[in-house]
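# Fold and contact review
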Amino acid sequence: MIDINNVSKWFGAFQVLRECSTRVEKGAVTVICGPSGSGKSTLIKTVNGLEPFQQGDIIVDGTSVGAQATDLPALRARLGMVFQNFELFPHLSVRQNLTLAQIKVLGRGEEEASARGLLYLDRVGLLAQQDKFPAQLSGGQQQRVAIARALAMDPIAMLFDEPTSALDPEMINEVLEVMVGLAQDGMTMMVVTHEMGFARKVAQRVVFMDQGAILEDVPTEEFFQAPRTERARDFLARII
Ligand code: ADP
Ligand code: MG
């Protein structure tokens, strides 16, 4: 579903990604971890074309992300992305947040968009909050709305960039539970997170990055039980 081949990227003279390669099969979950500044956000953003790259290639469901002819907005519409800071539209109600892109990007009618949005809002346990505004919700609730909003677009895969790291500890689990449910339903997911309990529960593979390079790309249990590199061992020792 997602095939990253030898991707390198520079910000000016600074090389932020170094020949990164990994793939996520349809229905699989990959967790990406590594120290702050190692390039995790940049890598995940290259997948939906939010960050251009200078070398290598990324194929998403048969479409080359880097090719000139590729319609990036169309590709982005097929990939759900959830960020650390929720990024809901503050001036729109929860229901309007859920329907806007369905109407504007997918051309759905108001009624269909609303039905679809509320279906996913129910799924994240927030149907009763549909008329509230984002500021009236807790961080955990806002992030669940953001996930529902992405799902309402019928994505072929979901990209998560540290979806729980801006949350108070008591709200982390409610978001992780939604993500575990998604994974168990067979959603293809790339998840940047340091929630290693989540990784062990649902990820088939763990990718460990350091200084722009993928140092490990291994089955989840192997990463925890026998990390191959010194840097991954140090990293695990610090976060677990
Ligand atoms: P991570 O998500 O692993 O913390 P990032 O992908 O955000 O890492 O950043 C990787 C490196 O690239 C960091 O050194 C960061 O300072 C740098 N970086 C990120 N975005 C930019 C940018 N727009 N311009 C220049 N440097 C950037
Ligand atoms: Mg980041």
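Parameters and conventions
Residue numbers restart at each chain and count upward from 1, following the sequence in its written direction. Written order determines the labels here, with chains lettered from A and ligands numbered from 1. Where totals are concerned, whole chains, interfaces and linings use all residues; where local detail is concerned, this predicted model gives features only for residues with pLDDT of at least 70, and gives and counts side-chain atom pairs only at 80 or more. Note that water and hydrogens are dropped before the side-chain values are worked out from all heavy atoms of the structure. UniProt positions are given in the numbering used here, feature names are shortened, and annotations may be inferred rather than shown by experiment. Put simply, DSSP marks the helices as runs of H or I at least four residues long and the strands as runs of E at least two long, and each gets a number from the N terminus on. With C-alpha atoms as the basis for the radius of gyration, the globule rule is written as 2.2 Å multiplied by the number of residues raised to the power 0.38. By definition, residues are in contact when any of their heavy atoms lie within 4.5 Å. A 1.4 Å probe and the Shrake-Rupley method give the accessible areas. Residues count as covered only by the protein chains that appear here. Proximity is defined per residue: if any heavy atom of the residue lies within 4 Å of a molecule or strand, that residue is considered near it. We call two N or O atoms a polar contact when they sit within 3.5 Å, provided that within protein one can donate a hydrogen and the other can accept it, with sequence-adjacent residues counted only if both atoms are side-chain atoms. Put simply, Ala, Val, Leu, Ile, Met, Phe, Trp, Tyr, Cys and Pro go in the nonpolar bin, Asp, Glu, Lys and Arg in the charged bin, and everything else, Gly too, in the polar bin. Helix axes are fitted to C-alpha atoms over the stretch in contact, other axes to C-alpha atoms as well, and angles between N-to-C directions run from 0 to 180 degrees. Every angle not falling under 35 degrees, over 145, or within 65 to 115 is termed oblique; those three ranges are roughly parallel, roughly antiparallel and roughly perpendicular. Note on convention: the crossing is left-handed when the near helix lies turned anticlockwise from the far helix by less than a right angle, right-handed when the turn is clockwise. Pairs of cysteine sulfur atoms within 2.5 Å are identified as disulfides in what follows. Partly exposed describes any residue whose relative accessible area lies between the buried limit of under 20% and the exposed limit of over 50%, with all areas from a 1.4 Å probe on protein chains only and scaled to the type maximum. Pairing of aromatic rings covers Phe, Tyr and the six-membered ring of Trp, with a centre-to-centre limit of 6.5 Å; geometry is then stacked below 30 degrees between planes, edge-to-face above 60, and tilted otherwise. In this analysis the charged atom, NZ for Lys or CZ for Arg, is taken to sit over a ring once it is within 6 Å of the ring centre and within 35 degrees of the ring normal.

- Per an unreviewed UniProt entry, the recorded name for the protein is ATP-binding cassette domain-containing protein, and the organism is Duganella lactea.
- Database annotation for the protein, UniProt heading Sequence similarities (unreviewed entry): "Belongs to the ABC transporter superfamily."
- The heading Subcellular location (unreviewed entry) in the UniProt record of the protein holds the text "Cell membrane".

## A short note on the overall build of the protein
- For the protein, the helix and strand inventory stands at 9 helices and 10 strands.
- Its C-alpha atoms give the protein a radius of gyration of 18 Å, within 12% of the compact-globule value 18 Å for 240 residues.
- Residue pairs in contact within the protein that sit at least 24 positions apart in sequence constitute 65% of those at least 6 positions apart.
- A total accessible area of about 11000 Å² is found for the protein, and carbon and sulfur atoms account for 48% of it.

## Describing the site of ligand 1
- Inspection of the region around ligand 1 gives Phe11, Phe14, Val16, Pro35, Ser36, Gly37, Ser38, Gly39, Lys40, Ser41 and Thr42 as its neighbouring residues.
- Here threonine 42 contributes a side-chain N or O atom positioned 2.5 Å from an oxygen atom of ligand 1.
- Contact with the protein chains covers 58% of the free accessible surface of ligand 1, which is 570 Å².
- Ranked by residue count, the leading element in the shell around ligand 1 is helix H1 (residues 40-47), at 3 residues.
- For the shell around ligand 1, the per-class residue count stands at 4 nonpolar, 6 polar and 1 charged.

## Brief notes about the packing of helix H5 (residues 139-151) against helix H6 (residues 169-184)
- One can describe the packing of H5 onto H6 by two numbers: an axis separation of 8 Å at closest approach and a directional angle of 20 degrees. Here H5 lies roughly parallel to H6, going by the angle between them. Crossing hand, H5 versus H6: right-handed. When H5 is examined against H6, the residues Gly139, Gly140, Gln141, Gln143, Arg144, Ile147 and Leu151 are found in contact with a partner set consisting of Met171, Glu174, Val175, Val178, Met179 and Leu182.
- Residue classes in the contact of H5 with H6 are distributed as 7 nonpolar, 4 polar and 2 charged.

## Side note on the state of the cysteines
- Under the defined criterion, the tally for this structure stands at 0 disulfides.
- Cysteine 33 provides the cysteine sulfur closest to cysteine 20, a residue in no disulfide bond, and the two sulfurs are 13 Å apart.
- Among the residues examined, cysteine 20 registers a relative accessible area of 0% and is labelled buried.
- For cysteine 33, a relative accessible area of 0% translates into the label buried.

## A closer look at the packing of helix H3 (residues 94-104) against helix H4 (residues 110-123)
- At a minimum axis distance of 8 Å, the contact between H3 and H4 shows a crossing angle of 125 degrees. Between H3 and H4, the angle falls in the class oblique. Between H3 and H4 lies a crossing whose hand is right-handed. In this structure, H3 contributes Val94, Arg95, Leu98, Thr99, Gln102 and Ile103 to the contact, and H4 contributes Glu110, Glu112, Ala113, Ser114, Arg116, Gly117, Leu118 and Leu121.
- The residue inventory of the contact of H3 with H4, partitioned by class, reads 6 nonpolar, 4 polar and 4 charged.

## Digging into the packing of aromatic side chains
- A full pass over the atoms with the stated rule returns 3 aromatic pairs.
- Ring plane angle 75 degrees and centroid distance 5.5 Å describe the contact between phenylalanine 223 and phenylalanine 224, whose orientation is recorded as edge-to-face.
- Aromatic rings pair up to connect Phe208, Phe223, Phe224 and Phe235 into one cluster.
- Here arginine 200 stacks its cationic end above the ring of phenylalanine 224, 4.4 Å away from the centre of that ring.

## Focus on the UniProt feature "domain: ABC transporter" (unreviewed entry) in the protein
- Look at the UniProt record and you will see "domain: ABC transporter" (unreviewed entry) annotated at residues 2-236.
- End-to-end, the C-alpha atoms of residues 2-236 are 26 Å apart, and along that stretch the chain is 38% helix and 26% strand.

## Topic: unusual backbone geometry
- Its identity is not glycine, yet aspartate 61 carries a phi of approximately 50 degrees, on the positive side.
- On the basis of relative accessibility, which here comes to 39%, the residue aspartate 61 falls in the partly exposed class.
- You will see that glutamate 87, though not glycine, has its phi angle at about 55 degrees, which is positive.
- Along the polypeptide, glutamate 87 turns up in the loop between strand E6 (79-82) and H3.

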